[in-house]
Amino acid sequence: MVFTKSLNIETTRELDVVNLTEKVEEAVSESGIANGLVNVFAKGSTCGITTIEYEPGLIKDLGAILERIAPDEEDFEYLHQQRWNDYNGHSHIRASILGCSVTVPLIDNALALGTWQQIVLIELDVRKRNREVIITVMD
Amino acid sequence: MVFTKSLNIETTRELDVVNLTEKVEEAVSESGIANGLVNVFAKGSTCGITTIEYEPGLIKDLGAILERIAPDEEDFEYLHQQRWNDYNGHSHIRASILGCSVTVPLIDNALALGTWQQIVLIELDVRKRNREVIITVMD
Amino acid sequence: MVFTKSLNIETTRELDVVNLTEKVEEAVSESGIANGLVNVFAKGSTCGITTIEYEPGLIKDLGAILERIAPDEEDFEYLHQQRWNDYNGHSHIRASILGCSVTVPLIDNALALGTWQQIVLIELDVRKRNREVIITVMD
């Protein structure tokens, strides 16, 4: 069986991190599936999905380290910037490295996450965006 | 149901990026499966699979940032290099960080990708290679 | 069909890398499933799952590059550290970037891995830990 649910997530700014865990749990509950896999996927090339302890300090630390990995256009010359001049070359690269989905085991109606392991969407574009997140539950 | 298809991809050089999206769509069409999950997996420890806007500038930017993350053997001393002397320690490390697969939702016969979100193989080894990519479609 | 198996893995120290490949093959064998997908997932926010050539030099190289990407608390000021003072802000960030799972195709009873491509758990926390790894086999 396959259950699919689409979420509409409005982010507020670059590096906004949205905790999706409760919404994923709701979708699992709606699916009626007890055991299998749950995939959480973000459409778009300038946002990411990962797991993290959803703690305000750590959320900011993640942004700071992403800035080290792929600096913004003030500190690194992106060819994407030369072509489109939309200042989000770094956003695309960070998204490619972080990844746009996670797949989590579902055991006895519960996501098999660690205690401090939340599923999050991170806005990597340079402004707020509306994001579509697809949750797929399969057994 | 499980549908599996193997692709043979010849890369041309280090940091060659191959857009797999159409081939994945063909496999989905062949599978006859309408809803589920599609996994795209690269065999090998020196290549990666990710999503990116397939734009020539951005493709080069990705290579440049990977060089910042895990510099090649001229700029960083890899123990793997001391052992094997094949100059691809950086290739292995970049592959481990980028990841070797993506899993994408399939909804009503279509991959749930964003408009600018392509599925790509990136050659991380120091020379052209033949790569086997496995596409798995499940419902 | 869904087959789930939980592994208990005791790591020995920060940056310990445990080769899980044989244990995943055992689980696949126990599942009786011949074709599908195998997901290997680590519970917890300070460890990672990836693929790599399991070679001692390369294992150390991976740790060295992770130290470049997200330096430890001696070399970078984490807000997580200011809050909790447990010196593992870098562990969390490395885990979010590396990812906590891999999904591998299963074809004719065998994992579709490359010759040098092993599935590993990497301990990213600052001390040895007991880790729960969930293997899910689906067809």
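Predicted model only: the values in this text are computed from it and were never measured.

Moving on, we get to the relation of the copies chain C and chain B. Turning chain C through 120° and shifting it by 0.0 Å along the axis lays it on chain B, with an RMSD of 0.0 Å. The superposition of one copy onto the other is thereby described by a three-fold rotation axis. Relative to the rotation axis, the closest C-alpha in chain C is found at C:Ile69, a distance of 3.7 Å. When the interface residues of chain C are mapped onto chain B, a mere 14% of them are again interface residues, pointing to distinct binding faces.

Least-squares fitting of chain C to chain A yields an RMSD of 0.0 Å, with the transformation described by 0.0 Å of translation along the axis and a rotation of 120°. Here only 15% of the contact residues of chain C are again contact residues in chain A; the copies associate through non-equivalent surfaces.

Our next topic: the sheet that holds strand 8 (residues 130–138) of chain B. Residue and element names in this part refer to chain B. If you trace the five strands from one edge of the open sheet to the other, you get 1-8-3-5-6, paired in antiparallel fashion. The sheet is open, and its two edges are formed by strand 1 (2–10) and strand 6 (110–111), each paired on a single side. Across two bridges, strand 5 (residues 101–107) lies against strand 6 in antiparallel orientation. Pairing of isoleucine 107 across the sheet is with alanine 110, part of strand 6.

Chain C puts 29 residues into the contact, and the matching count from chain B is 26 residues. Within the residue set of the side of chain C that touches chain B, elements represented by two or more residues are strand 3 (36–42), strand 4 (47–52), helix 2 (56–69) and strand 5 (101–107) of chain C. Sort the elements by how many residues they give to the side of chain C that touches chain B and helix 2 of chain C lands first, with seven residues. Taken together, the residues that form the side of chain C that touches chain B break down as 15 nonpolar, nine polar and five charged.

Quick notes on the rules
- Residues numbered from 1 in each chain as written.
- Chains lettered and ligands numbered in written order.
- Predicted model: local features only at pLDDT ≥ 70, side-chain atom pairs only at ≥ 80, totals over all residues.
- Least-squares fit on C-alpha atoms with pLDDT ≥ 70 in both.
- Contact = placed C-beta atoms within 7 Å.
- Pairing = 2+ DSSP bridges.
- Helix = DSSP H or I, 4+ residues; strand = E, 2+ residues; numbered from the N terminus.
- Nonpolar A, V, L, I, M, F, W, Y, C, P; charged D, E, K, R; others polar.

By themselves, these observations are geometric and do not establish any function.
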